[in-house]
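# Survey of secondary and tertiary structure
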Amino acid sequence: MKFATKAIHAGQHPDPATGAVMTPVYQTSTYAQKSPGDHKGYEYSRGTNPTRKALEDCMAALENAKFGLAFASGMAATDAVLKLLKPGDEVITGNDLYGGSYRIFTKVFANYGIKFHFLNLSDPEIIRHHISEKTRLIWIETPTNPTMQVIDIRAVAAIAKAENVLLTVDNTFASPYLQNPIDLGADLVMHSVTKYIGGHSDVVMGALMTNNEQLYKDLWFIYNSCGATPGPMDSFLVLRGIKTLHLRMQAHCANGRRVAEFLQNHPRIEKVYWPGFEHHPNHHIAKAQMRDFGGMISIVLKNAGLQETFKIASSFKVFTLAESLGGVESLVNHPATMTHASIPREEREKAGVVDNLLRLSVGVEDIDDLLADLEQALN
Ligand SMILES: *Cc1c(COP(=O)(O)O)cnc(C)c1O
């Protein structure tokens, strides 16, 4: 099946009890057993729930994966992956990461004796200099947040395979519509489902997808043991949202392109980060591994201090100043004080997250209204 069909049908079938076309919200914690152990595969909703299972199967299908697991947040999914590791293990990751990922690495798992190397992975060869027999995991995000670096997944996967290291790709920014890391050699894909997959800014959720059955079993063990699994109502909301993922992504990409081109020529803007520009340093890789370039754009304001940046960030009328991304509505974010505030200034600025940088999540409103709002906010 092709993407749009899978988005609408994968993992779902009319309810066997009633014929309900939409997967019901199985709002139950437990399931009747005929005699102890004689049940239909469902015992307790921390471990398995039919609404969640339908969503997990759908999300797995969209990533061309056999197995999917939904978590109570993107961070809970990340947490589960890190719990595969043991004290002494090492992780190689990018230096331009989602702030929450940086925080869980350095403030939570570093305390358990896991060592993290933060590298500029725009040239994957750098990995070879930091890999050792202790390296167990490579964790990448592409495009990166917020400076839209593009990392060559296939090249990183080749190194990971040769060194027998697990490769996880945080595919939140691209969504499964634009990029499928497992097809490029990744072992595991992570999503903040909160963003494009949910798409309506009404649910916090995460997911992991893999083709590796042993890895799936190990992760399911952590998922069930630690218990950060989402409830049936949230699963239902995402099942509803996911049906239009392809339509929304087409609109995000079309609007994103128009906004990027508009900003590129604007006198108040010093720099626009968007992987669709031919002058983007890794545009050729983006073109090869992504189907389009998405609706995430970051801008550096020309000669603007923090005050001026805050003033512009607060003067939008259609864009909402808020954390998060990937919903139908357009958002503007100030990474240095919002999404990336947990990264120390020096680290942050090295990765380009300067005080006069704003990140836009371009929604699917009418493009004329979005451009007019940008014009008035920048003036
Ligand atoms: C939001 C986000 C996360 C964390 O996901 P939550 O659902 O907020 O826990 C991880 N990675 C990226 C790239 C994100 O944007």
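By size, the foremost hydrophobic cluster in this structure holds 67 residues, and its most contacted members are Met-59, Val-259, Leu-263 and Ile-297. Looking at which element gives the most residues to this core, the answer is helix α2 (residues 50-62), with seven residues. What Ile-297 contacts, discounting residues up to four positions off in sequence, is Met-148, Gly-256, Val-259, Ala-260, Leu-263, Val-272, Tyr-273, Trp-274, Leu-358, Arg-359, Leu-360 and Val-362. Membership of the second largest hydrophobic core comes to 26 residues, among which are Phe-71, Leu-85, Phe-109 and Leu-188.

Let us now look at the packing of helix α3 (residues 74-82) against helix α4 (residues 99-108). Their axes nearest at 11 Å, the elements α3 and α4 cross at an angle of 35°. As α3 packs across α4, the resulting crossing turns out to be right-handed. Contact with α3, carried on its side by Met-75, Thr-78, Asp-79 and Leu-82, involves Gly-100, Ser-101, Ile-104 and Phe-105 of α4 and no other residues of that element.

Take the site of the ligand next. Within the structure, the ligand sits among 13 residues, and Gly-74, Asp-170, Ser-192, Thr-194 and Lys-195 are positioned closest to it. Contacts to the ligand include Ser-192, whose side-chain N or O atom sits 2.8 Å from an oxygen atom. Protein contact buries 93% of the 380 Å² of open area that the ligand shows by itself. Looking at the shell around the ligand residue by residue, the class counts come to five nonpolar, five polar and three charged.

On to the environment of Val-328. Considering the arrangement of structural elements, one finds Val-328 in the loop between β10 (320-321) and β11 (331-333). The class of Val-328 is partly exposed, set by a relative accessible area of 26%. Along the primary structure Val-328 and Val-364 are separated by 36 residues, whereas in three dimensions their C-alpha atoms are 5.3 Å apart. The contact partners of Val-328, leaving out residues within four places of it in the chain, are Gly-199, His-200, Arg-248, His-252, Gly-363, Val-364 and Glu-365.

Tracing the backbone shows Thr-339 in the loop between β11 and α13 (345-350). Under the relative-accessibility criterion, Thr-339 is labelled buried at 9%. Engagement of the side chain of Thr-339 in a polar contact is seen with the side chain of Asn-333, the distance being 3.2 Å. One polar contact links Thr-339 to His-340, side chain to side chain, over a distance of 2.8 Å. Discounting residues that sit within four places of it in the chain, Thr-339 has contacts with Gly-99, Glu-323, Asn-333, His-334 and Arg-359.

As a further point, take the pattern of salt bridges. One pass over the structure, following the stated rule, counts 12 salt bridges. Across the pair Arg-52 and Glu-56 runs a salt bridge whose closest N-O atoms are separated by 3.8 Å. With a gap of four residues between them, Arg-52 and Glu-56 both fall in helix α2, about one helical turn apart. By relative accessible area, Arg-52 is classed as buried at 2%. Residues participating in the shared-partner salt-bridge network are Arg-345, Arg-348, Glu-349 and Asp-355.

Turning to the side chain of Asp-170, a few remarks are in order. Within the secondary structure, Asp-170 sits in strand β5 (residues 166-170). No salt bridge is formed by the buried Asp-170; its nearest oppositely charged neighbour, Lys-195, is found at 7.5 Å. A distance of 2.6 Å separates polar atoms of two side chains, one belonging to Asp-170 and the other to Thr-172. When near neighbours in sequence (up to four residues on either side) are disregarded, Asp-170 contacts Trp-139, Ile-140, Glu-141, Thr-142 and Met-190.

Analysis parameters
- Residues numbered from 1 in each chain as written.
- Predicted model: local features only at pLDDT ≥ 70, side-chain atom pairs only at ≥ 80, totals over all residues.
- Heavy atoms only, no water.
- Core = buried A, V, L, I, M, F, W, Y, C linked by side-chain atoms within 4.5 Å.
- Buried < 20%, exposed > 50% of the residue type's maximum accessible area, 1.4 Å probe, protein only.
- Helix = DSSP H or I, 4+ residues; strand = E, 2+ residues; numbered from the N terminus.
- Contact = heavy atoms within 4.5 Å.
- Axes fitted to C-alpha atoms, helices over the stretch in contact; angles between N-to-C directions.
- Left-handed = near helix turned anticlockwise from the far one by under 90°.
- Near = heavy atom within 4 Å.
- Polar contact = N/O pair within 3.5 Å; in protein donor to acceptor, adjacent residues only side chain to side chain.
- Areas by Shrake-Rupley, 256 points an atom, 1.4 Å probe, with all protein chains shown as cover.
- Nonpolar A, V, L, I, M, F, W, Y, C, P; charged D, E, K, R; others polar.
- Salt bridge = Lys/Arg side-chain N within 4 Å of Asp/Glu carboxyl O.
- Lys, Arg positive; Asp, Glu negative; His and termini not counted.

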